[in-house]
Amino acid sequence: TQLLEQSPQFLSIQEGENLTVYCNSSSVFSSLQWYRQEPGEGPVLLVTVVTGGEVKKLKRLTFQFGDARKDSSLHITAAQPGDTGLYLCAGVKNQGGKLIFGQGTELSVKP
Amino acid sequence: DSGVTQTPKHLITATGQRVTLRCSPRSGDLSVYWYQQSLDQGLQFLIQYYNGEERAKGNILERFSAQQFPDLHSELNLSSLELGDSALYFCASSVGRLNEQFFGPGTRLTVL
């Protein structure tokens, strides 16, 4: 069983569309991170959310941590082909503890 | 560039063989993590070292072992290789209580 469930697993959209990726769990996390990975490369950290209800923005990307710190979402506005990649959420249950990764959402943005 | 280096980039070997993957963390990072990524399993945590000592273990097989040296670089040893060990192996280093990780470019291992 996956501790962090991401949905959807695959998403193919046209340039300019908006999308939301979800990361859900029945467990509480002390913090949650989002990474983006391009083919053949290592994941790159996008953001870390720590406080329940926290919202962080990174240009066209908006990240939210659920009030109960069990879930998170990533919303992309006006997606561009450069947003194509694998988006991974990862949670830490205890400070300094190991990172638990979701299965990832494979996003393809077509021009 | 994350500042984490891994060698080699690609490795092709045969079943039953043994290989060593190398990783140098970012300057100043004391923690090193190893992950295995395959198409069907996603990114799986293998093992963590902190300042030379094993800190946490994940889904690491007994055929696999790792160590971290005094200069903080780390090696992952994979032995008695099987076809199913073919995957991308990533090393990451981190600093701080939030455990934010910086990944290397990975080693793609192909076992034939």
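Just so you know, the residues in each chain are numbered from 1, in the order the chain's sequence is written. Each chain gets a letter, beginning with A, and each ligand a number, beginning with 1, in the order they are written. With the structure being a predicted model, the display of local features is reserved for residues of pLDDT at least 70 and the display and counting of side-chain atom pairs for 80 or more, all residues being used for whole-chain, interface and lining totals. With hydrogens and water excluded, all non-hydrogen atoms of the structure serve as input to the side-chain values.

A. Looking closely at the pairing of strand β9 (residues 87-94) of chain B. All names here are of chain B. Each residue gets one of three labels from its accessible area relative to the maximum for its type: buried under 20%, exposed over 50%, partly exposed in between, using a 1.4 Å probe on protein chains only. Strands are runs of DSSP state E lasting at least 2 residues, helices are runs of H or I lasting at least 4, and numbering of each runs from the N terminus. Taken across its 8 residues, β9 has 8 buried, putting it largely inside the fold. Side chains A87, Y89, C91 and S93 of β9 all project onto a buried face; the interleaved residues L88, F90, A92 and S94 project onto the opposite face, where all are buried too. Each pair of strands is called paired provided DSSP finds at least two bridges between the two strands. Relative to β9, strand β4 (residues 31-38) runs antiparallel, the two being bridged by 7 bridges. The residue bridging W34 from the neighbouring strand is C91, located in β9. Sheet analysis places β9 next to strand β10 (residues 101-103), joined by 3 bridges and oriented antiparallel. By the bridge assignment, S93 is partnered in β10 with F102. Here β9 hands over to β10 after 6 residues, with G96 in that stretch at a positive phi of 95°.

B. Structural context of the sheet that holds strand β1 (residues 5-7) of chain A. Residue and element names in this part refer to chain A. The strand order β1-β3-β8-β7-β6 describes an open sheet built from 5 strands, whose pairing is antiparallel. The open sheet has two edge strands, β1 and β6 (55-58), and neither has a second partner. The average angle at which neighbouring strand axes cross in this sheet is 15°, direction not considered. The pairing of β1 with strand β3 (residues 19-24) spans 3 bridges and is antiparallel. Working convention: axes come from line fits to C-alpha atoms, limited for helices to the stretch in contact. Angles between N-to-C directions cover 0 to 180 degrees.

C. Structural view of the packing of aromatic side chains. In this scheme Phe, Tyr and Trp rings, the latter by its six-membered ring, pair at centre separations within 6.5 Å, and the angle between planes marks the pair as stacked below 30 degrees, edge-to-face above 60, and tilted otherwise. If you walk through the whole model with that rule in mind, you get 10 aromatic pairs over all chains. Their ring planes at 85° and their centres at 5.7 Å tell us that Y35 of chain A and F103 of chain B sit as a pair that is edge-to-face. Here the residue Y35 of chain A occupies a position in strand β4 (residues 31-37), and F103 of chain B occupies one in strand β10, the pair thus bridging two chains. Neither residue differs from the other here; Y35 of chain A and F103 of chain B are each classed as buried. Both rings, one in F90 of chain B and one in F103 of chain B, keep their centres 6.3 Å apart while their planes meet at 85°; by these two values the pair is edge-to-face. Residue F90 of chain B is found in strand β9, and its partner F103 of chain B is found in strand β10; the two are separated by 13 residues along the sequence.

D. Highlighting the interface of chain A and chain B. Between two residues, a contact is recorded if the distance between any of their heavy atoms is within 4.5 Å. Contact with chain A, which involves 21 residues of that partner, is made by 18 residues of chain B. The term buried area means the drop in 1.4 Å probe accessible area that two parts suffer when joined, counted for both and summed. Summed over both partners, the interface of chain A with chain B buries about 1600 Å², with 52% contributed by carbon and sulfur atoms. If you sort the residues of chain A by the area they bury against chain B, P43, K98 and F101 of chain A come out on top, with a joint share of 25%. Salt bridges are defined by distance alone: a side-chain nitrogen of Lys or Arg within 4 Å of a carboxyl oxygen of Asp or Glu. At the surface where chain A touches chain B, the tally comes to 0 salt bridges. Definition of a polar contact: a pair of N or O atoms within 3.5 Å, with one able to donate and the other able to accept a hydrogen when the atoms are protein atoms, and with sequence-neighbouring residues admitted only if both atoms are side-chain atoms. The interface formed by chain A and chain B includes 5 residue pairs in polar contact (both at pLDDT 80 or more).

E. Quick look at the pattern of salt bridges. The full count for this structure, using the stated rule, is 7 salt bridges over all chains. Put simply, E38 of chain A and R36 of chain A hold a salt bridge, and the shortest N to O gap is 3.2 Å. Its relative accessible area of 34% is what places E38 of chain A among the partly exposed residues. Across the pair R22 of chain B and E75 of chain B runs a salt bridge whose closest N-O atoms are separated by 3.4 Å. Of the two residues, R22 of chain B is situated in strand β3 (residues 19-24) and E75 of chain B in strand β8 (residues 74-78); the sequence distance between them amounts to 53 residues. Among the charged side chains, a salt-bridge network with shared partners connects R63, E82 and D85 of chain B.

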